[in-house]
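Structural description and commentary
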Amino acid sequence: MTRSEIRDAFADEPALVSYVAAGDPSAEATKEYVQALVDGGTDVVELGLPFSEPVAEGTTIQNAIKRALDAGMTPDAYLDLVRELDVEVPVVCMTYYNLIYQYGSEPGPEEFVEAAADAGISGFVVPDLPVNESEAMYEACREHGLDLIFIVAPTTTPERLESMLDRTTGFVYVQGRLGTTGARDEVSADTPEALERLQDADVPKAVGFGISSGEQAREVVASGADGVIVGSAYVDIIAEGVEDDLSTAEVADRLEALAAELKAGARKGLPEPERK
């Protein structure tokens with residue numbers, strides 16, 4: 001596999017991984033939103049490919065996925081959107097395995113992984129893909145130089161964790177709390193314990209599920225994370241923009257401001273001698 005652009009994003013300071021659903025509320029808006037997030041300090045874009053049964057998502061992102069599907073987002077439209085992005089950070093495809101498996105002329109992950117690599121995707125997060133059923137996806141990603149990122153939950157058994165770390169590249173997605181995605185007011189008490197389990201992992205550790213403020217980002221990095229993953233807090237801003245009929249530029253400004261707050265908070269989580 002070629003050197004991981006995703007892993008490199010964690011090399012110098014805590015990384016900010018930012019999620020939005022492709023096509024929410026339109027493909028053109030998504031391109032502006034992604035640029036705004038990068039301008040605000042995002043190091044890795046996690047771009048959701050909408051699926052009709054997003055089992056890992058809370059209400060906020062479920063609603064975003066519905067808006068995107070209603071606007072006509074499809075796997076091919078998603079790949080077109082990725083090709084049209086003009087950002088200098090890695091883009092991770094977050095989606096569900098059925099879309100990957102059913103894409104193309106024959107069932108299996110190979111065709112979509114190849115198409116994603118050609119479009120400019122750097123890796124995948126596939127929440128419903130069990131590690132013990134991931135051989136084909138793992139090999140397809142290896143073949144095309146893409147990272148495969150697994151989500152480690154508080155309930156993940158030691159044996160399953162070991163298998164995940166054997167196949168996780170780029171970074172490991174640490175689920176900071178039980179349940180589905182969604183912004184929260186406080187960092188879960190489960191987060192330090194989850195990071196402690198991964199202290200010897202030879203891959204960066206990024207915490208997601210519930211982070212929505214710079215202070216929370218600071219706290220997560222101070223607990224030992226190499227980065228933070230934020231989604232619902234951005235999607236809330238997009239949803240408010242739809243509800244209040246705001247312009248794409250107004251929403252983009254708000255997204256950029258939140259990304260800047262989160263990135264600054266993550267940096268503050270480092271011990272003072274390590275801060276840039």
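Residues numbered from 1 in each chain as written. Predicted model: local features only at pLDDT ≥ 70, side-chain atom pairs only at ≥ 80, totals over all residues. Heavy atoms only, no water.

As named in an unreviewed UniProt entry, the protein chain is Tryptophan synthase alpha chain, taken from Halobacterium hubeiense. UniProt, in the comment section headed Catalytic activity (unreviewed entry), describes the protein chain in these words: "(1S,2R)-1-C-(indol-3-yl)glycerol 3-phosphate + L-serine = D-glyceraldehyde 3-phosphate + L-tryptophan + H2O". According to the UniProt record, the Subunit (unreviewed entry) comment for the protein chain reads "Tetramer of two alpha and two beta chains." (UniProt positions renumbered as here; feature names shortened; annotations may be inferred.)

**Some points on the overall build of the protein chain**
When helices and strands are counted, the protein chain shows 12 helices and 9 strands. Taken over C-alpha atoms, the radius of gyration comes to 17 Å for the protein chain, in line with the 19 Å a tight globule of 276 residues would show. Principal axes of the C-alpha set define a box for the protein chain whose edges measure 50 × 45 × 30 Å. Counting all 276 residues of the protein chain, 55% fall into the buried class. Here the contacts in the protein chain between residues at least 6 apart in sequence split such that 72% fall between residues at least 24 apart. Accessible surface computed for the protein chain: about 12000 Å², of which carbon and sulfur atoms make up 43%. Of the side-chain charges in the protein chain, 20 are positive and 53 negative, and the distance between the mean point of each set is 5 Å. (Helix = DSSP H or I, 4+ residues; strand = E, 2+ residues; numbered from the N terminus. Rg over C-alpha atoms; globule rule 2.2 N^0.38 Å. Buried < 20%, exposed > 50% of the residue type's maximum accessible area, 1.4 Å probe, protein only. Contact = heavy atoms within 4.5 Å. Areas by Shrake-Rupley, 256 points an atom, 1.4 Å probe, with all protein chains shown as cover. Lys, Arg positive; Asp, Glu negative; His and termini not counted. Charge placed at Lys NZ, Arg CZ, Asp CG, Glu CD.)

**Description of the environment of Arg67**
With respect to the helices and strands, the residue Arg67 is situated in helix 3 (residues 59-70). Along the sequence, Arg67 and Ala222 sit 155 residues apart, while their C-alpha atoms lie 36 Å from each other. When near neighbours in sequence (up to four residues on either side) are disregarded, Arg67 contacts Gly23, Asp24, Val235, Ile238, Ala239 and Val242.

**Some thoughts on the sheet that holds strand 4 (residues 123-125)**
Read from one edge of the open sheet, 9 strands run 5-4-3-2-1-9-8-7-6, paired in parallel fashion. This sheet does not close on itself; its edge strands, each paired only once, are strand 5 (147-149) and strand 6 (151-152). The pairing of strand 6 with strand 7 (residues 172-175) spans 2 bridges and is parallel. Within strand 7, the position partnered with Ile151 by the bridge is Tyr173. Each of strand 2 (44-48) and strand 3 (91-94) is contacted by helix 4 (residues 75-84), which is oriented at about 155° to strand 2, the strand it contacts most. In the packing of helix 11 (residues 232-243) onto the sheet, the strands contacted are strand 1 (15-21) and strand 9 (227-230), and the crossing angle to strand 1 comes to about 40°. (Pairing = 2+ DSSP bridges. Axes fitted to C-alpha atoms, helices over the stretch in contact; angles between N-to-C directions.)

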